[in-house]
Amino acid sequence: MLTKTLVLLAAIATLEVFAGNVGCWDKSDREHKGSGYRGQQNQTRKGLTCRNWAGTKYYTQKYINEGVEKNYCRNPAEKYKDVWCYTTSGSWDWCDVPTCGEQVGCWPKADRIAKGTAYNGNQNKTVNGHTCKEWTKTSYYSAKYFDKGIGRHNYCRNPQAKYRQPWCYTVNGPRWDYCHVPTCD
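The present account deals with the structure reproduced in this document. (Residues numbered from 1 in each chain as written. Predicted model: local features only at pLDDT ≥ 70, side-chain atom pairs only at ≥ 80, totals over all residues. Heavy atoms only, no water.)

## Points about the overall build of the protein chain
Move 1: Across its full length, the protein chain holds 5 helices and 6 strands.
Move 2: The helix and strand sequence of the protein chain, counted from the amino end, reads α-α-α-β-β-β-α-α-β-β-β.
Move 3: Classification of the 185 residues of the protein chain by burial places 42% in the buried group.
Move 4: Here the contacts in the protein chain between residues at least 6 apart in sequence split such that 57% fall between residues at least 24 apart.
Move 5: Accessible surface computed for the protein chain: about 10000 Å², of which carbon and sulfur atoms make up 51%. (Helix = DSSP H or I, 4+ residues; strand = E, 2+ residues; numbered from the N terminus. Buried < 20%, exposed > 50% of the residue type's maximum accessible area, 1.4 Å probe, protein only. Contact = heavy atoms within 4.5 Å. Areas by Shrake-Rupley, 256 points an atom, 1.4 Å probe, with all protein chains shown as cover.)

## A short note on the state of the cysteines
Move 1: A full pass over the atoms with the stated rule returns 4 disulfides.
Move 2: For C50, the disulfide goes to C85, at an S-S distance of 2.1 Å. On the sign convention where negative is left-handed, the bridge of C50 and C85, at about -75° about the S-S bond, is left-handed. Here C85 lies in strand β1 (residues 84-86) and C50 lies in the loop between α2 (27-31) and α3 (61-64), a separation of 35 residues in the sequence. You'll find C50 and C85 in the same group, each marked buried. (Disulfide = S-S within 2.5 Å.)

## Observations concerning the pattern of salt bridges
Move 1: One pass over the full model with this rule turns up 2 salt bridges.
Move 2: Between K148 and D147 there is a salt bridge, with its nearest N and O atoms 3.9 Å apart.
Move 3: Classification of K148 as partly exposed rests on a relative accessible area of 28%.
Move 4: Taking the relative accessible area as the measure of exposure, D147 reaches 61% and is therefore exposed. (Salt bridge = Lys/Arg side-chain N within 4 Å of Asp/Glu carboxyl O.)

## As for the side chain of Q41
Move 1: Positionally, Q41 belongs in the loop between α2 and α3.
Move 2: At 2.9 Å, the side chain of Q41 forms a polar contact with the backbone oxygen of Q43. (Polar contact = N/O pair within 3.5 Å; in protein donor to acceptor, adjacent residues only side chain to side chain.)

## With respect to the nonpolar core
Move 1: If you look at the biggest cluster of nonpolar residues, it comprises 16 residues, and the most contacted ones within it are Y119, W135, Y140, C156, W167, C168 and C179.
Move 2: Per-element tally for this core: the top contributor is strand β4 (residues 167-169), with 3 residues.
Move 3: Within the second largest apolar cluster, 14 residues are counted, among which are C50, W53, V83 and C95. (Core = buried A, V, L, I, M, F, W, Y, C linked by side-chain atoms within 4.5 Å.)

## Comments concerning unusual backbone geometry
Move 1: A positive phi angle is found at K70, which is not glycine, with a value near 45°.
Move 2: Secondary-structure assignment places K70 in the loop between α3 and β1.

Here you go:
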């Protein structure tokens, strides 16, 4: 019991440090595809570094007023439910930013790169806003996956350790979908 408590406290401390730099995106602004996120997230889901917005088509007075600055993830044209950035590798990618008020935990960076099973947070919404189905109502609810985070809950997981991020079966959408889970520093 003491070990579980210490692990939980370490995870909370990691999340607080993580959220302090990254900030969070207000839920109503995110749902309305707004440009209100002003945190300092500058790394993408794939672990790529964001490039400075200067020199891009979004570096105009209109978008600077929408928070386009430095190399932080943003949603400047207010088109997406995710923030994103151009990367230093010449492409663009989505960024994981927690929604304010939702304690979803984070996925350890090394495990994420390995597409592992270590995410055990409480995220139960997909990237497209669908509610996750309880695992007891899926084929994954078997002893084979209990040590991979599957249980009597509807939290996002990556039980087979083969996807780029946690996912879940949905109640009200497509059969399954990926979930927003920030990477731990």
